[in-house]
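Results of the structural survey
Here is what each chain is made of, one letter per residue.
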Amino acid sequence: MKSTPASPALLGYDEAAALVAERATRLAKFRRPVESVALADALGRVLARPLAADLDQPPFSRSTRDGYACRAAEASAHTPLSIAGTTRAGLAPSGPLPLHAAWEIMTGAPVPSGADAVIMLEHVEATAGRVRLLPPRTVERGENIVAQGAQAHAGDRLLPAGTRIHSAQIALAASCGCESLPVFARPRVAILATGDELVSVASVPAPGQIRNSNAPMLAAMVAEAGGEPIVLPTAADTPSALDVALAQAADADLLLITGGVSAGKFDLVEPALLRAGARFHFTGIRIQPGKPLVFGELPRTRTGSHTPTIPIFGLPGNPVSSAVTFLLFAAPVLAALTGSLESAPRFALARMAPHASRHGKPGLTRFLPAHCNFSAPPGQLPEVAFVPWHGSGDLAALARSNCFLVIPEDAHNLEPGAIVRILLP
Ligand code: AMP
Ligand code: MG
């Protein structure tokens, strides 16, 4: 089943990743539909138009401290300034500041015109309506003031289209008065689990059966990555069941299939994809877990989607293999389809924990479930250790991990203290 005439030798991880990135870049170029969503529903979506400031930010020169607004050149320890007024946050700009005077001001309040600095409350002595700088304090022009428009001027572009919306972007949009935001429509990701042994979550498996955990896992991964998961009915390991199932994915923007891509007698996914007209980019790669991964594209038989083909991944059925191959290869394609400028997959550096060591498998890049302690002391890399596991079916190990430790093809042995790459979920 694994014989695709065009690919006699399997690609290594880097080559496969480059190929997927190239296809993702091409898919990202097609114009995707735009919709408007309420700000409260925008989390995880992708901005379809730049976000512009409606007003200067800040809209008035603002004090960043509780204290006294003054002219820096007039502030001294010897000549007290008389207090000419008080402004708290929420009041309109007051002033102007008379000569040789200070103005009591609260954090967030508008600075009176004429003032060019705010002295912190803690740095003055205030008595009988007058205030003097406490030695050895000095005050510089501009201190503790954010000038009107310092962050942005009205009309300035604050965020480009393609920005993924997290909490900070929601706050910024709120500050600009956006009750709704234009976002790209979420790509529809069809998820098809295959296997005669699969039963639903609600069933008690009979001998030889297992519950379908890949579909809910992938639905969650797709939703987290900004896609709209569409879980198709589970397909049996027969050619006709697979043909029917593939036809149901005709409207999808991306198709994820799990199971049925190994070299076994009932691994029928590749032939079914070929019958549906698929072109394969690869049908296996030199990684573990995940070696049987299939990547290709199906011709689009129905109009209504923005891409001319449907990218497809045939993920190996073992849950850890499915998770790893999704993160490494499906996530970048999905990111491109969402219109996001964020790149996937995400890697970081870490240090192997004491006592942790592992032999590599020559010729295979490995991605093994691991746990990284991200609260590293300053100046040190976070420490990562393998999660004990019993192979790529070990879902409990996957659920106890928070990253995957990358063992390069050519690494014979990873020693404690070695600097390693980790793949982040
Ligand atoms: P396959 O890739 O079809 O050869 O399946 C490899 C292993 O993954 C087998 O032990 C399957 O039972 C298991 N498996 C396949 N699909 C799923 C699924 N949807 N959920 C959980 N385990 C699965
Ligand atoms: Mg199977």
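Heads up: the structure comes first, above all this text.
About the cut-offs
Residues numbered from 1 in each chain as written. Chains lettered and ligands numbered in written order. Predicted model: local features only at pLDDT ≥ 70, side-chain atom pairs only at ≥ 80, totals over all residues. Heavy atoms only, no water. Pairing = 2+ DSSP bridges. Helix = DSSP H or I, 4+ residues; strand = E, 2+ residues; numbered from the N terminus. Near = heavy atom within 4 Å. Polar contact = N/O pair within 3.5 Å; in protein donor to acceptor, adjacent residues only side chain to side chain. Areas by Shrake-Rupley, 256 points an atom, 1.4 Å probe, with all protein chains shown as cover. Nonpolar A, V, L, I, M, F, W, Y, C, P; charged D, E, K, R; others polar. Axes fitted to C-alpha atoms, helices over the stretch in contact; angles between N-to-C directions. Contact = heavy atoms within 4.5 Å.

1. Section: the pairing of strand E8 (residues 124-127)
- Two strands pair when backbone bridges link them, and E8 and strand E9 (residues 130-133) are joined in this way by four bridges, in the antiparallel orientation. Bridge pairing links Val 124 to Leu 133 in E9.
- Hairpin remark: E8 followed by E9, antiparallel, with two residues in the connecting loop; positive phi at Ala 128, about 45°.

2. With respect to the site of ligand 1
- In the vicinity of ligand 1, 16 residues are found, and the nearest of them are Glu 197, Asn 212, Gly 260, Gly 317 and Asn 318.
- Taking Ser 262, its side chain carries an N or O atom lying 3.5 Å from an oxygen atom of ligand 1.
- Residue Asn 318 places a main-chain N or O atom 3.1 Å away from an oxygen atom belonging to ligand 1.
- Burial of ligand 1 by the surrounding chains reaches 78%, relative to a free accessible area of 490 Å².
- For the shell around ligand 1, the residue count by class is four nonpolar, nine polar and three charged.

3. Notes on the sheet that holds strand E16 (residues 228-231)
- Strand order in this open sheet of six strands is E16-E13-E17-E21-E20-E18, and the pairing throughout is mixed. Since the sheet does not close on itself, it has two edges, and those belong to E16 and strand E18 (279-282), each with one partner. On average, each strand axis in the sheet is tilted by 25° relative to the strand beside it, whichever way the strands run.
- As judged from the four bridges shared by strand E17 (residues 254-258) and strand E21 (residues 309-315), these two strands associate in the parallel manner. Bridged to Thr 258 within E21 is Leu 315.
- Strand contacts of helix H1 (residues 13-28): E18, strand E20 (294-299) and E21, with the helix running at about 135° to E18, the strand carrying the most contacts.
- Along the sheet, helix H3 (residues 214-224) makes contact with strand E13 (188-193), E16, E17 and E21, crossing E16 at roughly 160°.

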